[in-house]
Amino acid sequence: MVPSRPSSKLYQIKSKKYDEYGARVTSSFDKSVSHVLIDPEWDGSRTLKYLHISAGDIRPEIDKGTIHFVRDSWPSACIENKQLIPESPDYTVQLYSPAPSPETTPEPEVSQKLVQTVISPEKPPKLKKRDISTSSNTSLSPEPDTPKQTAIDDLNPVEASGANTSIENKAEKKAQDGSGNDELDSVIQEAELQEHAARFLSDDEIEHALQTQRKKYSAPYSRPKRTSDGRVLKGNWDTFLCMKAGEDNIAKPDGPNALVINILSLMLHHYEAEGDQWRTLAYRKAIATLKKQTVPVRTAAQAVKLPGIGSRLADKIEEINKTGDLKRLKYTQGEGKFEVLELLKRIYGVGNKTANKWYSEGIRTLDDVRERKDLTANQQTSLDHYEDFAERIPRDNVTKHFERVRDAVHEIDPEIEATAMGSYRRLQPDCGDIDIILTKRNASRHDLTVTLAKLLDVLFEQGFAKYTFGGIEANSMRWLGASAHPDDGNKWRRMDILLVPWEERGAAFIYYTGNDIFNRSMRLLAQKKGYRLNEKGLFLAPHDRKSAGAVGPLVCGEDEEKIFETLGVPNRPPHKRIIG
DNA sequence: TCGCAGCCAGC
DNA sequence: GCTGGC
DNA sequence: GCGA
Ligand SMILES: O=c1ccn([C@H]2C[C@H](O)[C@@H](COP(=O)(O)OP(=O)(O)OP(=O)(O)O)O2)c(=O)[nH]1
Ligand SMILES: [Mg+2]
C-alpha cells in the first residue's frame, strides 16, 4: 500500500480487509509483490520514488507486468463486480507519463521507456505540495468558471432555500461481505509478507526530493504584477463563476445536455468515492457549465471552448454524444453503491470516509447502521431523526422557525438584529436548514455570546430547541443544533445560528448568503487579486501567505457592497448567487 | 508545474 | 493530522 | 481534470 502508514486507522482497516481476502500486505517492496495499491492522491512517478525504484532489480518485473500498480479502489471494485478488473484507466496507475508530458523527471535509470506498456490515460492526480498523506481532507466543490442557476424569480422579503453541495476526498475500499473471494484470491494471493520496512522514504525525504526537483524544473512562471500593497490589477476575472449573473437555470428536468450531464455525473461519483478531490472538483465545474448551456454541446471542438472543460472532458463529451456511453465507465463502482453512500452521508458526522468504511464493512441500510455500537452522539441523534433531517424545509416553515428565534432573542435584547440567511435569503423555495445571523451595533463578542446562551436556555426550556450538535454553548460564536416547531409538524430541523460582530456583518452576510460555490469562487477571485476573503472581512493577502490565521490588513468588513466593489464583482441579489 | 476557499470543532 | 461541517 |  502506498503510502504505507501503518499508524493510520484507515491503513489498519484496509490491510485487515485485504488480509481477509487472502492477500498479504507487505512492508517492503520486492519481487514478491503482485500489486501495489496506490492512494488516489499519488501518481506513478511519486510512487516510484517512494518505493525507491531505482533499484534496478525489480525493474524487470515491472516491465513484464507481473507487478501491478493500481489505485487502492481496485480491490473493492473487483469484489463489487465479482470479477477481476483488467487493466483499465480507472484503476491502473501509469508509472511514467506518456511522451507528451515529461512529468517530474524520474530517477536517471527509470525513465520513459516503460511508458508505452501502459494502457490508457488516466493522468495521475496531482498532489499538493505539502500534503501527502494517504487520506485527505474535507469537502469541496467547484469553483470559478461555471455558473448555473436555479431560478427563482420572485421577490419576497425573506425566504427561500437551496441546494448545497459538498465534495470530499477519498475513500477506502475493500469488500464487504463474503462473496467474491476466490477471484480476488487468485490474483492477490501471491503477495507475500516481507518483514520490515526497508525501502520507504519518509515524507520529509519525499518532500525534499520534490522540492529540489521543482526548483530545477519548474518553469519560471511569471507572477502577476502587483501594486506596492500586493494587489493585482490585471487578469481575466470574467472566467470566475461569481462574476456571472445568475440567470435562470435551464438544466431543470432535462436540458439539452442531459445525457452528457448524467454520464459525467457518474464519473464524478466514481472519483468522489475514490477520494480524488481535484478531479471531482473539475467534473463539478464542467457539469455546472453544461447545465447552463441552452443548446446541446455535441462536439469536442464546441466543448473545449467552455470554461472548465478541457480537452479530456471535451473528448468524453463527444464520445458520449456519439455512442451514448462512455467506455471509461465500464468498471467503475458497482450498482447501488453510490445510493448507499449518499444515504449514509446524510447522517450528521458521517462523511465520505466513514460512509465508505461502513460500506466496506457491509453496511447497506439505516438499520445496519443502527446496530452499530460505535456511533457518536451526533450520529445517533441524526439517525434517530433521519427522516426529518433528510427532508428539505418549505420556506414558509423556515419562516416559522426563524420568527420564533427572532422573537425570543428580542425578549432578551430588542436591539439584536436577526436575519435569516443561507438558502432562505437566496429565496429558494425550500431549505436544508435554518441559518440565522444575530448581530448588534456596539456589542462585543462577549455580549453576543451571553445573549446566545440566554437565548438557548429559553429555547430549550420552551422545548423548541432540541439538541446541540456543536458550537459549545459556553462562549461560542456559533450554535449548531436542532429545533422543532408546531407549525412545522414538530419535525426536527437543523439550525445554525451565527453571532456576528457589527463590524464584520458585511463579510458575514456574503459568507452566509452563499451559496458555497459562489463563496469559493469569490474567495478564489479575491486571492488572485491579492486579497483574502473570509467571513470576517476582506483583507490584503498576508505576505507569508499560507497559514490560516495570518491575514494582512483589513480592507473592509462591515460593508457588503464595498467588498463586492473592491473585488470588482457585481453585487447580485442573493437569488442570483446560486451557482452549480 | 502547481493550486483548486477558508474556517472551525472533536478526537 | 484526520475527518466532518458551515 | 482544468487553467494559468
Ligand atoms: O462549505 C461551505 C458551506 C456553506 N458555506 C456558506 C454558504 C452557505 O450559503 C452558508 C450556509 O450553509 P448551508 O450548509 O446551510 O447551505 P445553504 O446555502 O443554506 O443551503 P441549504 O438549503 O442546504 O441549507 O454557509 C460556505 O461558505 N462553505
Ligand atoms: Mg442552510
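What you see is a predicted model; the values in this text were computed from it and never measured.

S.K.: Please clarify how the UniProt feature "active site" (unreviewed entry) in chain A should be interpreted in this entry.
M.R.: Sites flagged by UniProt as "active site" (unreviewed entry) map to Lys316. In this fold, Lys316 is placed in helix H10 (residues 311-323).

S.K.: Hey, could you run me through the protein's contact with DNA strand D in this one?
M.R.: Around DNA strand D, 18 residues are found, and the nearest of them are Arg279, Gly308, Gly310, Arg312 and Leu313. Per the 4 Å cut-off to the protein, sugar and phosphate atoms form 75% of the nearby atoms of DNA strand D. Gly308 places a polar main-chain atom, nitrogen or oxygen, 2.5 Å from a phosphate oxygen of DNA strand D. A distance of 2.8 Å separates a phosphate oxygen of DNA strand D from a polar backbone atom of Gly310. Those elements giving two or more residues to the surface near DNA strand D turn out to be helix H8 (277-292) and H10. For the surface near DNA strand D, a count of residues per class yields eight nonpolar, four polar and six charged.

S.K.: Is there a simple way to explain the pairing of strand S1 (residues 35-38) in this structure?
M.R.: Within a regular strand, side chains alternate between the sheet's two faces. Residues of S1 alternate between two faces, with His35 and Leu37 on one and Val36 and Ile38 on the opposite face, all of them buried. Of the pairings in the sheet, the one linking S1 to strand S2 (residues 68-71) comprises four bridges and is parallel in character. Counted as the bridge partner of His35 is His68 from S2.

S.K.: I keep staring at the sheet that holds strand S7 (residues 465-470) and nothing clicks. Help me out?
M.R.: Strands in a sheet are paired, the pairing made by backbone hydrogen bonds, and the direction either parallel or antiparallel. Spatially, S4-S6-S9-S8-S7 is the arrangement adopted by the five strands of the open sheet, whose pairing is mixed. One side of each edge strand has no neighbouring strand; the edge strands of this open sheet are strand S4 (417-420) and S7. Across the sheet, the mean angle separating the axes of adjacent strands is 30° when strand polarity is ignored. By the bridge criterion, seven bridges tie strand S6 (residues 434-440) to strand S9 (residues 492-501) in an arrangement that is parallel. Bridge pairing in S9 places Lys440 opposite Pro501. Strand contacts of helix H18 (residues 445-462): S6, S7, strand S8 (478-484) and S9, with the helix running at about 160° to S9, the strand carrying the most contacts. Along the sheet, helix H19 (residues 505-513) makes contact with S4, S6, S8 and S9, crossing S9 at roughly 155°.

S.K.: Please explain the sheet that holds strand S12 (residues 554-556) as it appears in this structure.
M.R.: Spatially, the three strands line up as an open sheet ordered S10-S11-S12, and their pairing is antiparallel. The open sheet is flanked by strand S10 (531-533) and S12, the only strands paired with a single partner. Across the sheet, the mean angle separating the axes of adjacent strands is 35° when strand polarity is ignored. When S10 meets strand S11 (residues 538-540), the two strands line up antiparallel, connected through three bridges. In the strand pairing of S11, Arg532 is matched with Phe539. Helix H20 (residues 516-528) rests against S10 and S11 of the sheet, and its axis sits at about 160° to S10.

S.K.: Would you mind going over the site of ligand 1 with me for this structure?
M.R.: Within the structure, ligand 1 sits among 18 residues, and Arg392, Ser423, Arg426, Asp433 and Asn519 are positioned closest to it. Asp435 is positioned with one of its side-chain polar atoms (N or O) 2.9 Å from an oxygen atom of ligand 1. Between Thr513 and ligand 1, the recorded distance is 3.4 Å, taken from a backbone N or O atom to an oxygen atom. Alone, ligand 1 offers 540 Å² of accessible surface; in the complex the protein occludes 79% of this. Mapped onto the shell around ligand 1, the elements with two or more residues apiece are helix H17 (422-425), H19 and H20. Element by element, the count of residues in the shell around ligand 1 is highest for H19, at three residues. Across the shell around ligand 1, the residue classes break down as four nonpolar, nine polar and five charged. Taken domain by domain, the shell around ligand 1 gets at least three of its residues from each of domain 2 (393-505) and domain 3 (507-576).

S.K.: Teacher, can you tell me more about the state of the cysteines here?
M.R.: What is meant by a disulfide is a covalent connection between two cysteines, made through their sulfur atoms. Tallying each qualifying case throughout the model produces zero disulfides. Left unpaired, Cys556 is separated from the closest cysteine sulfur, that of Cys242, by 16 Å.

S.K.: Whenever I open this one, the packing of helix H7 (residues 258-274) against H10 confuses me. Can you help?
M.R.: A packed helix pair is summarised by two numbers, namely the angle formed by the two axes and the spacing between the axes. Interhelical geometry of H7 versus H10 gives an angle of 125° and a closest axis separation of 10 Å. The angle between H7 and H10 falls in the class oblique. Here H7 and H10 pass one another in a crossing that is right-handed. Contact with H7, carried on its side by Leu259, Val260, Ile263, Leu264 and Met267, involves Leu313, Lys316, Ile317, Ile320 and Asn321 of H10 and no other residues of that element. Of the residues that constitute the contact of H7 with H10, the class distribution is eight nonpolar, one polar and one charged.

Cut-off values and rules
- Residues numbered from 1 in each chain as written.
- Chains lettered and ligands numbered in written order.
- Predicted model: local features only at pLDDT ≥ 70, side-chain atom pairs only at ≥ 80, totals over all residues.
- Heavy atoms only, no water.
- UniProt positions renumbered as here; feature names shortened; annotations may be inferred.
- Helix = DSSP H or I, 4+ residues; strand = E, 2+ residues; numbered from the N terminus.
- Near = heavy atom within 4 Å.
- Polar contact = N/O pair within 3.5 Å; in protein donor to acceptor, adjacent residues only side chain to side chain.
- Nonpolar A, V, L, I, M, F, W, Y, C, P; charged D, E, K, R; others polar.
- Buried < 20%, exposed > 50% of the residue type's maximum accessible area, 1.4 Å probe, protein only.
- Pairing = 2+ DSSP bridges.
- Axes fitted to C-alpha atoms, helices over the stretch in contact; angles between N-to-C directions.
- Contact = heavy atoms within 4.5 Å.
- Areas by Shrake-Rupley, 256 points an atom, 1.4 Å probe, with all protein chains shown as cover.
- Domains from an automatic or database assignment.
- Disulfide = S-S within 2.5 Å.
- Parallel < 35°, antiparallel > 145°, perpendicular 65-115°, else oblique.
- Left-handed = near helix turned anticlockwise from the far one by under 90°.

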